[in-house]
Amino acid sequence: MKTNINLWWVLTWFFFAVFVTYTVWNLLANTNQGVWWHRIEWVGSTALLFTGFMGAMIAFYVSRVHKAQGGELPEDSLTADIDDGDPEIGEFSPWSWWPLVLAFAASVFIVGLAVGQFLLPIGFALFVVAIVGWVYEYYRGYFAR
């Protein structure tokens, strides 16, 4: 985790340095175009500046999360095994068709937004059926508990 934090801070300062270099280079290269704000290439300068800001946000967030965890993560330890960093993430049904139905319902709804509004209630109804089916799939049929 510490390596990730340091990497993000390095990337942040790299993009800020590239922003300054890019902007100064444009100012020096376009000396015959009048006032200074006509000489800057605004799209590239703004993109590099905000890329630096995004890197700073990620670095700040990762550092705060690392501090809040209050200890060393398994991936930071040189003696850790792979299983040490493998948490329980839930129970998944590899045989379930409901995620496919849910994706189809969402696609019908989105096509309804793009093509015709008559598809919106159909997509919403399919969405409700898919959610209810996925939630209650363990309460009926072969896999009931």
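Rules used throughout
Residues numbered from 1 in each chain as written. Predicted model: local features only at pLDDT ≥ 70, side-chain atom pairs only at ≥ 80, totals over all residues. Heavy atoms only, no water. UniProt positions renumbered as here; feature names shortened; annotations may be inferred. Helix = DSSP H or I, 4+ residues; strand = E, 2+ residues; numbered from the N terminus. Rg over C-alpha atoms; globule rule 2.2 N^0.38 Å. Contact = heavy atoms within 4.5 Å. Areas by Shrake-Rupley, 256 points an atom, 1.4 Å probe, with all protein chains shown as cover. Buried < 20%, exposed > 50% of the residue type's maximum accessible area, 1.4 Å probe, protein only.

Looking up the protein in an unreviewed UniProt entry gives the name cytochrome-c oxidase, with the organism given as Microbacterium thalli. In UniProt, the protein has this text filed under Catalytic activity (unreviewed entry): "4 Fe(II)-[cytochrome c] + O2 + 8 H(+)(in) = 4 Fe(III)-[cytochrome c] + 2 H2O + 4 H(+)(out)". The heading Function (unreviewed entry) in the UniProt record of the protein holds the text "Part of cytochrome c oxidase, its function is unknown."

Looking now at the overall build of the protein. Broken down by element type, the protein carries five helices and zero strands. Reading the secondary structure of the protein in the N-to-C direction produces α-α-α-α-α. Relative to a compact globule of 145 residues, whose C-alpha radius of gyration would be 15 Å, the protein shows 26 Å and is clearly more extended. Each principal axis of the C-alpha atoms in the protein carries an extent, and together these give about 75 × 55 × 20 Å. When contacts within the protein are restricted to residue pairs at least 6 apart in sequence, long-range pairs at least 24 apart make up 60% of them. Put simply, the protein shows about 11300 Å² of open surface, and 70% of that area lies on carbon and sulfur atoms.

Moving on: the side chain of Asn26. Tracing the sequence through the fold places Asn26 in helix H1 (residues 2-29). For Asn26, a relative accessible area of 14% translates into the label buried. Apart from residues no more than four positions distant in its own chain, Asn26 is found in contact with Arg39, Ile40 and Glu41.

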